[in-house]
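# Report on the structure
One letter stands for each residue in the lines below.
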Amino acid sequence: MTLDLDKLVRPEIAALEPYRSARGEAPDPSGFLLLDANENPYPDRLQGKGDALNRYPEPQPRRLKARLARFYGLAEEGLLITRGSDEGIDLLLRAFCRPGEDAVITCPPTFGIYAVAAQIQGAALVEVPLDQDCQLDIAAITAAAEKTSTKLIFICSPNNPTGNDMEHTGILRLAADLPQTLIIVDEAYIEFSGSPSLAARIAGQPNLVVLRTLSKAFGLAGVRCGSVLAGPEIIAILRRVLAPYPVPTPVADAACEAVGPAGLARMAYEVEQLSAARDQMIGALGGVADVQKIFPSSANFLLVRFADSDAVCQRLKARGILVRDLSAKLPGCLRLSLGTAQENELLLQALGIDSAPAVCSRRAKRTRTTNETSIFAAVDLDRPAAAVVDTGIAFFDHMLEQLGKHGGFALTLKAEGDLQVDPHHTIEDCAILLGETLREALGSKAGIARYGFTVAMDEARAQAIIDLSGRAYCRFEGQFDGPSVGGMPTELVPHVFRSLADSLGAAIHIRLDGDNDHHKVEASFKALGRALRMAIRRDGGEIPSTKGQL
Ligand SMILES: *Cc1c(COP(=O)(O)O)cnc(C)c1O
């Protein structure tokens, strides 16, 4: 039996003549005189940040939709942009559940919004609790679904608040055994999990629906942007219920940036940091006498059972720390969201773990977006690691990798620039952002001493001297024979050092000679990396300047 949507959808919704917004599905309206929607014709609100805010937004912004579809790995017809997953949940209830007649199944302990949305719609709520391992009780869910007119089954994976992934075999079996029921998998935390998304299975399983959001891993809870992923017919039904203009223009702009190349690199970087924090916290909490159980987590939070959760809650509150108290439903349990390294440290201290404060790693991450480039950079000065660099200019990548390697610091840099115009903007902006990021990571502890290094590469010789003085100065002595090396214009080589000096706040002196341009450029980046390595080395806790600040 396959999915019969005509039977699943509420008859009122099937019969509805949907509202058509002025420009609804019209072709791209740019180029037209827009006298069709009673808008105010005068643009430029919000100090120039919102040129087009006098216009209604696209109901489903094309550029954002294309990027989301690419990231989620399905066709655009299979995606609906909503005001957070919360709206996606509400739309599903309103489109499919007849008040007083239909039911939804949830599997507690789980996300509370499913039950609230069901109650608001007047749908019956059938609860089939998770088993002892916090997994789905597939047999019980199937039995419950067959007993009532069950339209929707909500599954959260990784599950909030338990944190674990649900086994995909069970979910897919449910979907196969209950072909006239929508199996909705809420993957709000999937980016933190090693598990693949079930979105890839929608094509072969038409009653599968997946919810994704930018609220958690992408750090955009304030933007309210989620997606419903499903077969195109289901999406078409939800569109009938969706508000005419659900995605405000500033939301679309912020979301678009978040799922662009630099945004994705930032997300991956932060997910990695939070996952590492999760492992550290599990280790540290294991040493707390009060802790009875730490539930396995694939998300950015930990469910922890304490001997006396009330006392723990009070103690944390007294220290100004809020955690989620779930003890009403899960005795003794608190849900702890992972914070920054410092925040996690404060939480542990409040829980009575007297670990000497971890030596704070000198890290920074920054994003830079202009009309020409979009770049994400992150450095960790206290962790040597292979550089992860992708600017679209292979030779420049190689040079930045040299800088990271010889500088002895971890460097992540992802850029998307207007290379079709020229590599100039991308190379320049990468240098600026890298300098800013290094400067931020250095904080107040910049070394003032002058460090220098000379590198020989066959016949070529490069000398780099750096002074992290807080004052920008660049001196470059050298000549190149050709106009470019590996696609990088040689005239940009001194330009990179100047941009770096400016944004880092450093004096950088480079002197180069030799015969081969490739050798000369590479030697100069290596030499600068080596000089930087000495300059950023941590040397006691004092600011190395008689001025007391840099
Ligand atoms: C946080 C969370 C969401 C996100 O909802 P948004 O409306 O997209 O912010 C969805 N589902 C679960 C289980 C969550 O914990």
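Above this text you will find the structure in question.
This text gives an overview of the structure that appears in the document. (Residues numbered from 1 in each chain as written. Predicted model: local features only at pLDDT ≥ 70, side-chain atom pairs only at ≥ 80, totals over all residues. Heavy atoms only, no water.)

An order of β1-β7-β6-β5-β4-β2-β3 is seen for the 7 strands of this open sheet, with the pairing classed as mixed. Both edges of this open sheet fall to β1 (79–82) and β3 (124–127), since each of them pairs with a single strand only. Strand-to-strand twist of the sheet, defined as the mean angle between neighbouring strand axes without regard to direction, takes the value 20°. Here 4 bridges tie strand β2 (residues 103–106) to β3, and the two strands are oriented parallel to one another. Among the inter-strand pairings, Val 104 is bridged to a residue of β3, identified as Leu 125. Lying over the sheet, helix α8 (residues 232–241) contacts β1, β5 (182–186), β6 (208–213) and β7 (226–229), oriented at roughly 30° with respect to β1. (Pairing = 2+ DSSP bridges. Helix = DSSP H or I, 4+ residues; strand = E, 2+ residues; numbered from the N terminus. Axes fitted to C-alpha atoms, helices over the stretch in contact; angles between N-to-C directions. Contact = heavy atoms within 4.5 Å.)

Applying the stated criterion across every chain, the model contains 1 cavity of 30 Å³ or more. When its volume is computed, the largest cavity comes out at roughly 30 Å³. The wall of the largest cavity is formed by Cys 107, Thr 110, Leu 130, Leu 136, Phe 154, Ile 155, Cys 156, Asn 159 and Met 166. By residue class, the composition of the lining of the largest cavity is 7 nonpolar, 2 polar and no charged. (1 Å grid on protein atoms, 1.4 Å probe; cavity = no way out; pocket = protein on both sides within 12 Å on 5 of 7 lines; lining within 4 Å. Points joined across faces, edges and corners; volume = space filled by probe spheres on them. Nonpolar A, V, L, I, M, F, W, Y, C, P; charged D, E, K, R; others polar.)

A full pass over the atoms with the stated rule returns 28 salt bridges. Note that Glu 87 and Arg 83 form a salt bridge whose closest N and O atoms lie 2.3 Å from each other. Judged by relative accessible area, Glu 87 falls into the buried class, the value being 9%. For Arg 83, a relative accessible area of 36% translates into the label partly exposed. The salt bridge involving Arg 461 is made with Asp 513; its shortest N-O contact spans 3.0 Å. Here Arg 461 is found in strand β17 (residues 460–467), whereas its partner Asp 513 is found in strand β21 (residues 507–513), with 52 residues between them in sequence. By relative accessible area, Arg 461 is classed as partly exposed at 47%. One continuous salt-bridge network, built from bridges that share partners, spans Arg 98, Glu 101, Asp 102 and Lys 151. (Salt bridge = Lys/Arg side-chain N within 4 Å of Asp/Glu carboxyl O. Buried < 20%, exposed > 50% of the residue type's maximum accessible area, 1.4 Å probe, protein only.)

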